[in-house]
Amino acid sequence: MAGETTITIVGNLVDEPELRFTPAGVAVAKFRIASTPRVFNKTTNQWEDGESLFLTCSVWRQAAENAAESLTKGTRVIVQGRLKQRSYEDREQVKRTVYEIDVDEVGPSLLRASATVTKNPAGGGQQGGQPPADTWGGARPAQQQAPAAGGWGGGHQQPAPAAAQQAPGYSDEPPF
């Protein structure tokens, strides 16, 4: 969004992601990450840790459920989102300021780990369970919502029903 400060940060989860749901049923996961710079000390000829930056992150909807299911304490992650500043008074009436990230994207860092990606069915996490409008200009037919296991990237896909093949703007080709 215009005027917001976007940030990408790499760090380690310092606690387990905590998944909760709003009264309206929207999933939100919170977790904290620590990003610690490494600097080379030419005097000692060794790498040293700098001062850690701790940030609280909030991720919403299907991404929240995926993060809570996939990430654990200690996991090295890459987080991209909007940096927010919030001020409040604590119990002793002292003004405090915290910085948080409203997460747009989160995933494990593959620098020193490997991961297996499992795609969720199309329409997962959409409010009301409605499939999203497709890239080619129309709502997906109900029979076309969930491709066979693996989506475009794997497995055998069943052909779309004849009615879906006739739908205006429909294409079997991926949008990239």
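Residues numbered from 1 in each chain as written. Predicted model: local features only at pLDDT ≥ 70, side-chain atom pairs only at ≥ 80, totals over all residues. Heavy atoms only, no water.

**Section: the overall build of the protein chain**
Item 1. A count of helical and extended segments in the protein chain gives two helices and eight strands.
Item 2. Each of the 176 residues in the protein chain was classed as buried or not, and the buried ones make up 20%.
Item 3. Long-range contacts, defined here as pairs at least 24 residues apart, represent 54% of the contacts in the protein chain between residues at least 6 apart.
Item 4. For the protein chain, the accessible surface area stands at approximately 12500 Å², while carbon and sulfur atoms represent 50% of it. (Helix = DSSP H or I, 4+ residues; strand = E, 2+ residues; numbered from the N terminus. Buried < 20%, exposed > 50% of the residue type's maximum accessible area, 1.4 Å probe, protein only. Contact = heavy atoms within 4.5 Å. Areas by Shrake-Rupley, 256 points an atom, 1.4 Å probe, with all protein chains shown as cover.)

**Overview of the layout of surface pockets**
Item 1. Reported here for the second largest pocket is a volume of approximately 180 Å³.
Item 2. Contributing to the lining of the second largest pocket are V10, G11, N12, A34, S35, T36, R38, R76 and R112.
Item 3. Contributing elements (two or more residues each) for the lining of the second largest pocket: β1 (5–13) and β3 (27–35).
Item 4. Per-element tally for the lining of the second largest pocket: the top contributor is β1, with three residues.
Item 5. A class-by-class count of the residues in the lining of the second largest pocket yields two nonpolar, four polar and three charged. (1 Å grid on protein atoms, 1.4 Å probe; cavity = no way out; pocket = protein on both sides within 12 Å on 5 of 7 lines; lining within 4 Å. Points joined across faces, edges and corners; volume = space filled by probe spheres on them. Nonpolar A, V, L, I, M, F, W, Y, C, P; charged D, E, K, R; others polar.)

**Quick look at the environment of V59**
Item 1. Summarising the element assignment, V59 is placed in strand β6 (residues 53–60).
Item 2. V59 sits in the buried class, given a relative accessible area of 1%.
Item 3. In this structure, the C-alpha to C-alpha distance between V59 and L19, residues 40 residues apart in sequence, is 9.4 Å.
Item 4. If sequence neighbours within four positions are ignored, V59 has contacts with A27, V28, A29, F31, A64, A67 and V103.

**Some remarks on the nonpolar core**
Item 1. Among the nonpolar cores identified, the biggest contains 16 residues, and F31, I33, C57, V59, V79, I101 and V103 are the most heavily contacted of them.
Item 2. Elements that contribute at least two residues to this core include exactly β1, β3, β6, α1 (61–70), β7 (76–89) and β8 (95–108).
Item 3. Contacts of I33, omitting those with residues within four sequence positions, involve I9, N12, L13, V14, L53, F54, L55, C57, V77 and V79. (Core = buried A, V, L, I, M, F, W, Y, C linked by side-chain atoms within 4.5 Å.)

**Quick look at the pattern of salt bridges**
Item 1. Under the defined criterion, the tally for this structure stands at seven salt bridges.
Item 2. For K84, the salt bridge goes to E4, with nearest N and O atoms at 2.8 Å. Note that K84 is positioned in strand β7 and E4 in the segment before β1, a separation of 80 residues in sequence.
Item 3. For K84, a relative accessible area of 28% translates into the label partly exposed.
Item 4. You can call E4 partly exposed: its relative accessible area is 26%. (Salt bridge = Lys/Arg side-chain N within 4 Å of Asp/Glu carboxyl O.)

**Considerations on the confidence of the model for the protein chain**
Item 1. Of the residues in the protein chain, 69% reach a pLDDT of 70 or more, and the chain-wide mean stands at 76.
Item 2. The low-confidence segment residues 125–171, where pLDDT is below 50, has 50 contacts with residues more than four positions distant or belonging to other chains. (pLDDT = per-residue confidence, 0-100.)

**As for the packing of aromatic side chains**
Item 1. This structure, assessed with the given rule, holds one aromatic pair.
Item 2. Both rings, one in F40 and one in W47, keep their centres 5.4 Å apart while their planes meet at 65°; by these two values the pair is edge-to-face.
Item 3. Of the residues examined, F40 reaches a relative accessible area of 38% and is grouped as partly exposed. (Phe/Tyr/Trp six-rings, centres within 6.5 Å; stacked < 30°, edge-to-face > 60°.)

**Digging into the side chain of E100**
Item 1. Relative to the helices and strands, E100 is located in strand β8.
Item 2. Within the local environment of E100, its side chain forms a polar contact with the side chain of R86, the two groups lying 2.8 Å apart. (Polar contact = N/O pair within 3.5 Å; in protein donor to acceptor, adjacent residues only side chain to side chain.)

**A word on unusual backbone geometry**
Item 1. Not every positive phi belongs to a glycine, and N45 is a case in point at roughly 60°.
Item 2. Residue placement: N45 occurs in the loop between β4 (38–41) and β5 (46–49).
Item 3. Phi is positive for Q93, close to 65°, though the residue is something other than glycine.
Item 4. Structurally, Q93 is set in the loop between β7 and β8.

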